[in-house]
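Notes for the structure review
So you can see what is in the structure, the chains are spelled out below.
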Amino acid sequence: MSEINAEVAESAVRAAHEVRTVFSRLRRRLKESYDNEGLTPSQTSALSRLSKEGPASASDLAAAERVRPQSMAATLAVLEERGLIQRRPDPGDGRRQLVSPTDGGRAFLEDKRRAGEEWLARALQDGCDERERATILEAMALLDRLVR
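Read on for an overview of the structure. Predicted model only: the values in this text are computed from it and were never measured.

Turning to the side chain of Thr 102, a few remarks are in order. For Thr 102, the position within the fold is in the loop between β2 (93-101) and α5 (103-127). One polar contact links the side chain of Thr 102 to the main-chain amide nitrogen of Gly 105, over a distance of 3.0 Å. Apart from residues no more than four positions distant in its own chain, Thr 102 is found in contact with Gly 83, Leu 84, Ile 85 and Gln 86.

So, about the pattern of salt bridges. Proximity of charged atoms lets side chains of opposite charge pair with each other. Per the stated rule, a full pass over the model turns up 12 salt bridges. The salt bridge partner of Arg 96 is Asp 60, with a shortest N-O separation of 3.7 Å. Of this pair, Arg 96 sits in strand β2 while Asp 60 sits in helix α3 (residues 58-65), placing them 36 residues apart in sequence. Judged by its relative accessible area of 29%, Arg 96 falls in the partly exposed class. Take Asp 60: its relative accessible area is 40%, and that puts it in the partly exposed class. Across the pair Arg 106 and Asp 103 runs a salt bridge whose closest N-O atoms are separated by 2.8 Å. Pair noted here: Arg 106 and Asp 103 are both in helix α5, with a separation of three residues, about one helical turn. Judged by its relative accessible area of 39%, Arg 106 falls in the partly exposed class. Using a relative accessible area of 62% as the deciding quantity, one classes Asp 103 as exposed. Each member of the salt-bridge network shares a partner with another, and the members are Arg 49, Glu 53 and Glu 65.

Rules used in this analysis
- Residues numbered from 1 in each chain as written.
- Predicted model: local features only at pLDDT ≥ 70, side-chain atom pairs only at ≥ 80, totals over all residues.
- Heavy atoms only, no water.
- Helix = DSSP H or I, 4+ residues; strand = E, 2+ residues; numbered from the N terminus.
- Polar contact = N/O pair within 3.5 Å; in protein donor to acceptor, adjacent residues only side chain to side chain.
- Contact = heavy atoms within 4.5 Å.
- Salt bridge = Lys/Arg side-chain N within 4 Å of Asp/Glu carboxyl O.
- Buried < 20%, exposed > 50% of the residue type's maximum accessible area, 1.4 Å probe, protein only.

By themselves, these are just geometric observations and shouldn't be taken as functional.
Here it is in structure tokens:
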């Protein structure tokens, strides 16, 4: 056990490991449940960030995604070519442009989320009984409390 973990209950260490492992697997399965329509994970991540956080400049988006500005420019070019984002002048600085999702980009993300939730709902229906689903809901409430 590491020095930090010496002060943490073994059950907490095990629970942390299990939660991280299960959420990683769940994330992969959710990503498999929808068609990215040929978008790379980087392109999907940038579009999702714009949808969640609102319009951003390419340089701000590159910093948030932790990629080089040149890489973000290439990502945005593909998203723009596919009609998923739009650019408009920054009202606060006319030299910059702000990027935001188009209606098509928001619809793409909504379809992706819906497909993931439909897959998960079917898996929970088929793989768990009512009591087990109630336990999952209780566990999610506890995890939500931890992250708030």
